[in-house]
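Fold and contact review
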Amino acid sequence: MTKHEFEVAMTCEGCSGAVTRILNKVEGVKFEIDLPKKLVWIESDKDVNFLKETLEKCGKEVKYNGTK
Amino acid sequence: VNLCSVSLGVQGMTCGSCVQSIEQRIGSLPGVIHIKVSLEQKNATIIFDHSQQSPESLSDAIEDMGFESSLSE
């Protein structure tokens with residue numbers, strides 16, 4: 001599974017909580033959130049656009065930093 | 001156009017930027033006339049066009065954003 005890194009403009013636990021709940025609803029996704037660095041790492045076989053759109057649901061800006 | 005308003009409980013917001021992103025996103029849904037989210041009361045009061053939206057669809061939209069919402073009259 002490829003590990004992708006996204007930058008998500010999360011400013012507080014409320015935002016990271018929202019991202020956590022959104023990703024929990026997606027099967028076949030393992031993720032880690034670093035709130036201070038505003039980073040989200042996702043291990044999944046799904047394509048990047050799907051992952052990016054999923055993250056954008058929380059209303060925050062999402063940037064793709066590439067695979068790790 | 002038949003307007004009605006609903007107040008939904010919203011859990012999971014902890015700061016103003018969560019409020020803002022909800023107001024922007026839900027406010028841009030078709031049929032949503034006005035939305036006011038209160039961090040203190042943890043609820044969102046929405047005025048919407050009943051032919052385009054419903055309390056359930058609005059609650060789903062909030063859940064879609066990763067926040068928990070409950071239909072509280």
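Let us look at the structure shown here. Numbers given for residues are sequential positions, taken from 1 along each chain in its written order. The naming scheme follows written order: chains are lettered A onward, ligands numbered 1 onward. Restriction of local features to residues with pLDDT of at least 70 applies here, the model being predicted, together with a cutoff of 80 or more for giving and counting side-chain atom pairs; totals for whole chains, interfaces and linings are based on all residues. Water and hydrogen atoms were dropped before computing side-chain values, which therefore reflect all heavy atoms in the structure.

Examining the sheet that holds strand S2 (residues 29–34) of chain A
Residues and elements named next belong to chain A. For the record, the criterion: Any two strands between which DSSP finds at least two bridges are classified as paired. A run of H or I in DSSP becomes a helix once it reaches four residues, and a run of E becomes a strand once it reaches two; helices and strands are each numbered from the N terminus. Fitted lines through C-alpha atoms give the axes, limited to the stretch in contact for helices. The angle between two N-to-C directions lies from 0 to 180 degrees. Here, two residues are considered to be in contact whenever any of their heavy atoms come within 4.5 Å of each other.
The antiparallel open sheet is built from 4 strands, whose spatial order is S2-S3-S1-S4. Strands at the two margins of the open sheet, each flanked by one partner only, are S2 and strand S4 (62–67). Pairwise comparison of adjacent strand axes, ignoring direction, gives a mean angle of 25° for this sheet. In this structure, S2 lies alongside strand S3 (residues 39–44), joined through 6 bridges in antiparallel fashion. For Lys30, the partnering residue across the bridge sits in S3 and is Glu43. Across the face of the sheet, helix H1 (residues 13–24) comes into contact with strand S1 (2–8), S2 and S3 while running at roughly 175° to S2. Against the sheet, helix H2 (residues 48–56) contacts S1, S2, S3 and S4, and its axis sits at roughly 35° relative to S1.

Quick word on the state of the cysteines
Using the following cut-off: Disulfides are defined as pairs of cysteine sulfur atoms found within 2.5 Å of each other. Any residue under 20% of the maximum accessible area for its type is buried, any over 50% is exposed, and the rest in between are partly exposed; the area is computed with a 1.4 Å probe on protein chains only.
Applying the stated criterion to the full structure yields 0 disulfides over all chains. Between A:Cys12, a cysteine without a disulfide, and B:Cys15, which holds the nearest cysteine sulfur, the sulfur-to-sulfur distance is 3.0 Å. Summary of cysteine pairing: B:Cys18 is not part of a disulfide, and the nearest cysteine sulfur, belonging to B:Cys15, is at 3.6 Å. With a relative accessible area of 0%, B:Cys18 lands in the buried category.

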